[in-house]
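Fold and contact review
Read off the chains here:
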Amino acid sequence: MTNSEPKKEELKKTTGEVTLPVHETPRGNVLVVAEHILGDLQPVTLELLGAATLLAGKLGTRVLSVVCGFELGDIPQRLVAHGADVVYVAEHHELERYRTLPYRRVIVDLLESLPEPPHVMLLGSTTTGRDLAPRIAAHFETGLTADCTELDIGPYEHKNKMDPSKLGLYPDCLYAIRPSFGESLKARILGPWKNPQMATTRPGVMIPLKADPNRKGEIIRIPVNLKPEDHRLEVERIVREVASGLKLTEADVIVAGGYGINTADGFNLLRQLAECFENSAIGASRKVVDLGWIPYEHQVGQTGKTVRPKLYIACGISGAIQHRVGMSKSGLIIAINKDPDAPIFKFAHYGIVGDLYQIVPELIKQFKQVRKEQGVESVVHSH
Amino acid sequence: MPGPYDIFVLIKQVPDQSSKAGINPDGTIDRAKAKRMLNPFDRYALQAALHTKKSYGGTVTAISMGPPNAVEVLLEALEHGVDKGVLLSDRRLAASDTLATAYALHKVVHWVGKFDLIFCGLQTTDGDTAQVGPQLAERLNLPQVTYCEDFSIVDSPVKEGENPRPACARRIIEGGLQHVRSELPLLVTVANSYHQLEYKSFRGAWKVRRLQRNPEELKQYITTVDLDLIQALPERCGLKGSPTIVAHTDKVGEIGGSCKMIEGLSPSDMVRDLLKQTNVKEFAKS
């Protein structure tokens, strides 16, 4: 890759009492690494193309995408329809299933073949994106921000004199914004000193463009030159999740439990409540997943899933920012918590302060009553 | 029977976020005052390392980077049965981002010596990035298994012209699981769906108590190193070696802020009121 040190033009700009050099970098393109599982294009890729279109619009540059796989069919055209101006396609039978090293090789080779590195490079915060992005960032020794909830382009003045080579005004930085450690902070993370400026974003956060089948784009086949060391790991098989209950991200109703349920058995009560609804699923806060009360696939929030059910019932969940970013777009949020000061009461639509072990059984009881009144025959559950 | 193996496990001390101590009113953390704990994800990495040693033989070395206090997590690891610990502690590491951290860690890994396996937690609870493991693997030019929830080593028949792939792992992917086989050495990041860490052994706990009273003997088990000793370049560590910075933090605006509180004398009153005011009933099973 060409050295992407910003060209330091000797323009000076007075900023208060400090005079900072202005680093006018050429504005590069925005690259999206497309993701699919065995040819099944992942929604996060379309969301990233939507975000990339906004960023490239601000930079006045183009949206690039790269896709690796085998027999990709209409995927390159679909990437164009959703906003890519150029799609680099690497097709090889060794790329059929995602593996870190072969995918890393293809993308590193592609970036090194470009005359200028992309300005911004985006991947999904999926098990694939979070596996691949750090390797590429480490290879190019460039910055990477994980699990962003917002992206933007804007200026930045670096005044910290600890490293004089970094001082200056950078007009077109990627603003990678993510909820940060602590309860209520959002951090804006920047790395304007080197391109590509990389970020991953959570599925379900960015908004995809409407597909335009008439949109024109360039589709470029790129070479696949794998080395023997890229085959140190092989995929034996992929097992699709057995449909044990509805997928969290597709549920209309989520009943979620947090530390306030006190014991792993508390989820039995929440399951009884979930049983009352159509298309329901069980969610959980990170704390209880860390404690081993319920498996990881139920986790909602920054390091779990982003969900948008029509109804979200939060039981004993305090509502830390990490949880909130995963569920705040739910249609109707009802919170039940003992602590009247719990942050969840700041963004739930309806709140009940009380013991969930009194409220939830009452909720189940009144539900069953409603159904009886409606003449619906109760299915007998032997709880 | 395969083995024995030289196993490294990377662990980190993090602030305990469930404790109110050290949480500033603006939501930032005062690390000096906060309660400290072993990163919860690292408990699974420790279990994977110890289980591998138990099954196939070898040694487990726990490696950590952090302020001098971080020796506490190495002692905890000793209680659980690791053989020795190495702490990389140096003020010049302050404000390292994930890339600078991975650089320093790869230097300390080289300093400690030969290894077959490196286990890390999937991510930390104070950074949540899951980047350091793969970035370290890149620096060490290793294959990697991230989101690992099951790991074993098997005798593998060697195909003509290929190296054996004795490591057998199951990793989580979207909507399913991936079974992989890999050559060694290998770096594995362990998900929290792996087996829970077993309790400390009496022998381990007793040993650590003894070591805490005998600083000289402790040095045989826990070594503290700095950047000079591991020959890491200071300009590639800390703030200087980090390509990213936190430029700005915002208080998260209070969205909505219009939560309607349901009040009532009894749970049944409150629930009745809730069902009256909302359309919850529309979602009921018919």
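A short tour of the structure in this document, coming up.

Remarks on the overall build of chain A
Secondary structure summary: chain A contains eight helices and 20 strands in total. Looking at chain A as a whole, 58% of its 383 residues are labelled buried. Sequence separation of at least 24 residues holds for 65% of the intrachain contacts in chain A that already meet a minimum separation of 6. About 15700 Å² of surface is accessible on chain A, with carbon and sulfur atoms providing 50% of the total.

Quick look at the overall build of chain B
When you go through chain B residue by residue, the secondary structure sums to seven helices and 13 strands. With respect to the three principal axes, the spread of C-alpha positions in chain B is 70 × 45 × 45 Å. Partitioning the intrachain contacts of chain B with sequence separation of at least 6 by distance along the chain shows that 71% fall at a separation of at least 24. With an accessible surface of roughly 13100 Å², chain B has 51% of that area assigned to carbon and sulfur atoms. Averaging the locations of the 35 positively and 34 negatively charged side chains of chain B gives two centres separated by 4 Å.

Quick look at the state of the cysteines
Residues and elements named next belong to chain A. Counted according to the given criterion, the structure contains zero disulfides over all chains. The cysteine Cys-148 is free of any disulfide, with Cys-173 supplying the nearest cysteine sulfur at 14 Å. Looking at Cys-276, it has no disulfide partner, and the nearest cysteine sulfur is the one in Cys-315, 12 Å off. Under the relative-accessibility criterion, Cys-276 is labelled buried at 2%.

Brief notes about the interface of chain A and chain B
Often the size quoted for an interface is simply the accessible area lost on bringing the parts together. Between chain A and chain B, the residue contacts involve 96 residues of the former and 89 residues of the latter. Taken together, the two surfaces of chain A and chain B that pack against each other cover about 8400 Å², and 57% of this comes from carbon and sulfur. Connecting chain A to chain B are eight salt bridges. Of the charged contacts, one joins Glu138(B) and Arg104(A) as a salt bridge, the two residues approaching to 2.7 Å between their closest N and O atoms. Pairing of strand S15 (residues 233-240) of chain A with strand S9 (residues 176-182) of chain B involves seven bridges; the strand directions are antiparallel. Each residue of the ladder has a partner; that of Arg240(A), found in S9(B), is Gly176(B).

Some remarks on the environment of Val108(A)
Residue and element names in this part refer to chain A. When you line up the elements, Val-108 lands in helix H3 (residues 100-113). For Val-108, a relative accessible area of 4% corresponds to the buried category. Counting along the chain gives 220 residues from Val-108 to Ser-328, while the straight-line C-alpha distance between them is 37 Å. With near-sequence residues (within four places) excluded, Val-108 lies in contact with His-139 and Phe-140.

A few points about the packing of aromatic side chains
Taken as a whole and judged by the stated rule, the model has seven aromatic pairs over all chains. Here Phe277(A) and Phe367(A) contribute two aromatic rings whose centre-to-centre distance is 5.0 Å and whose plane-to-plane angle is 75 degrees, an arrangement assigned as edge-to-face. Taken together, the positions of Phe277(A) in the loop between helix H5 (266-275) and strand S17 (280-284) and Phe367(A) in helix H8 (residues 356-373) put the pair 90 residues apart, joining distant regions of the chain. We classify Phe367(A) as buried; its relative accessible area is 1%. Geometrically, the ring pair formed by Phe119(B) and Phe151(B) is edge-to-face, given 5.3 Å between the ring centres and 90 degrees between the ring planes.

Points about the packing of helix H3 (residues 98-112) of chain B against helix H4 (residues 132-139) of chain B
All names here are of chain B. Their axes nearest at 9 Å, the elements H3 and H4 cross at an angle of 50 degrees. Classified by the interaxial angle, the pair formed by H3 and H4 is oblique. Seen from above, H3 lies across H4 with right-handed handedness. Between H3 and H4, the residues in contact are Thr-98, Leu-99, Thr-101, Ala-102, Tyr-103, Leu-105 and His-106 and Val-132, Gln-135, Leu-136 and Arg-139, respectively.

Cut-off values and rules
Residues numbered from 1 in each chain as written. Chains lettered and ligands numbered in written order. Predicted model: local features only at pLDDT ≥ 70, side-chain atom pairs only at ≥ 80, totals over all residues. Heavy atoms only, no water. Helix = DSSP H or I, 4+ residues; strand = E, 2+ residues; numbered from the N terminus. Buried < 20%, exposed > 50% of the residue type's maximum accessible area, 1.4 Å probe, protein only. Contact = heavy atoms within 4.5 Å. Areas by Shrake-Rupley, 256 points an atom, 1.4 Å probe, with all protein chains shown as cover. Lys, Arg positive; Asp, Glu negative; His and termini not counted. Charge placed at Lys NZ, Arg CZ, Asp CG, Glu CD. Disulfide = S-S within 2.5 Å. Buried area = accessible area lost by both parts, 1.4 Å probe. Salt bridge = Lys/Arg side-chain N within 4 Å of Asp/Glu carboxyl O. Pairing = 2+ DSSP bridges. Phe/Tyr/Trp six-rings, centres within 6.5 Å; stacked < 30°, edge-to-face > 60°. Axes fitted to C-alpha atoms, helices over the stretch in contact; angles between N-to-C directions. Parallel < 35°, antiparallel > 145°, perpendicular 65-115°, else oblique. Left-handed = near helix turned anticlockwise from the far one by under 90°.

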